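Each chain, written out:
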Amino acid sequence: ADRILLLDSFFHVIVFHGDTIASWRKQGYQDMPNHQNFRELLSAPREDAQIIIKERFPAAHFVDCDQFSSQARFLLSRLNPSLTHNSNVNALAQGTEVVLTDDVSLQVFMDHLKRLAVQG
């Protein structure tokens, strides 16, 4: 959880802070003079995101989020949509972080491609 991710999914530009990075930021390490590298580490993805958004039409929605925060659903739903409106309710018992989305997972997409390839 000691990472910062920048994701550009065309309609959303997401800067995600892992749990450790978020706790350091909340403790104000970036404001301490001897942690200039951390301050630069925090600002680099935001600057990159602003460049992406500035050049994009239609403008993408900017999301800045921390791990386990409510805004983290934007990242989770893009990387691996776990449950959709068609999913089995028993999947909730697995204990993983669940994000309801209309997007399909990579496995569902690949299964669909295989069926199409066999038909044609």
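The rules behind these values
Residues numbered from 1 in each chain as written. Predicted model: local features only at pLDDT ≥ 70, side-chain atom pairs only at ≥ 80, totals over all residues. Heavy atoms only, no water. Helix = DSSP H or I, 4+ residues; strand = E, 2+ residues; numbered from the N terminus. Buried < 20%, exposed > 50% of the residue type's maximum accessible area, 1.4 Å probe, protein only. Contact = heavy atoms within 4.5 Å. Areas by Shrake-Rupley, 256 points an atom, 1.4 Å probe, with all protein chains shown as cover. Pairing = 2+ DSSP bridges. Axes fitted to C-alpha atoms, helices over the stretch in contact; angles between N-to-C directions. Polar contact = N/O pair within 3.5 Å; in protein donor to acceptor, adjacent residues only side chain to side chain. Phe/Tyr/Trp six-rings, centres within 6.5 Å; stacked < 30°, edge-to-face > 60°.

> Tell me what's going on with the overall build of the protein chain, and back it up with residues and numbers.
Looking only at helices and strands, the protein chain has four helices and three strands in total. In sequence order, the protein chain lays out its α and β elements as β-β-α-α-β-α-α. Within the protein chain, the fraction of its 120 residues that count as buried is 26%. A separation threshold of at least 6 residues defines the contact pool for the protein chain, and within that pool the share at least 24 residues apart is 50%. Carbon and sulfur atoms make up 55% of the accessible area of the protein chain, which amounts to about 8,500 Å² in all.

> Outline the sheet that holds strand β2 (residues 12-17), supporting the account with residue identities and numerical values.
Strand order in the open sheet formed by three strands is β1-β2-β3, and the pairing between neighbours is mixed. Each edge of the sheet is formed by a strand with only one pairing partner; in this case those strands are β1 (4-8) and β3 (61-66). This sheet shows a mean twist of 10 degrees between the axes of neighbouring strands, independent of strand direction. Judged from the five bridges that link them, β1 and β2 form a sheet pairing that is antiparallel. Pairing of Leu 5 across the sheet is with Phe 16, part of β2. Of the strands in this sheet, β1, β2 and β3 are in contact with helix α2 (residues 36-55), which crosses β1 at around 5 degrees.

> Describe in detail the pairing of β2, supporting the description with residues and values.
The buried count for β2 comes to six of six residues, which makes it a mostly enclosed element. With burial as the criterion, each face of β2 is covered, one bearing His 12, Ile 14 and Phe 16 and the other bearing Val 13, Val 15 and His 17. Across six bridges, β2 lies against β3 in parallel orientation. From the neighbouring strand, Ile 14 faces β3, where its bridge partner is Val 63.

> Before we move on, could you go through the side chain of Arg 56 and cite the residues and values that matter?
Within the element layout of this structure, Arg 56 appears in the loop between α2 and β3. Residue classification places Arg 56 among the buried residues on the basis of a relative accessible area of 17%. Engagement of the side chain of Arg 56 in a polar contact is seen with the backbone oxygen of Phe 10, the distance being 2.9 Å. Every residue in contact with Arg 56, bar those within four places of it in the chain, is listed here: Asp 8, Phe 10 and Val 13.

> Report on the packing of aromatic side chains, specifying residues and quantitative values.
To describe a pair of aromatic rings, you give the distance between the ring centres and the angle between the ring planes. This structure, assessed with the given rule, holds three aromatic pairs. Ring geometry for Trp 24 versus Phe 38: centroids 5.8 Å apart, planes at 75 degrees, classification edge-to-face. Here Trp 24, found in helix α1 (residues 19-26), pairs with Phe 38, found in helix α2; they are 14 residues apart in sequence, far enough to count as distant. Given the relative accessible area of 36%, Trp 24 is considered partly exposed. By relative accessible area, Phe 38 is classed as buried at 9%. Cluster of aromatic residues (ring-pair linked, three or more members): Trp 24, Tyr 29 and Phe 38.

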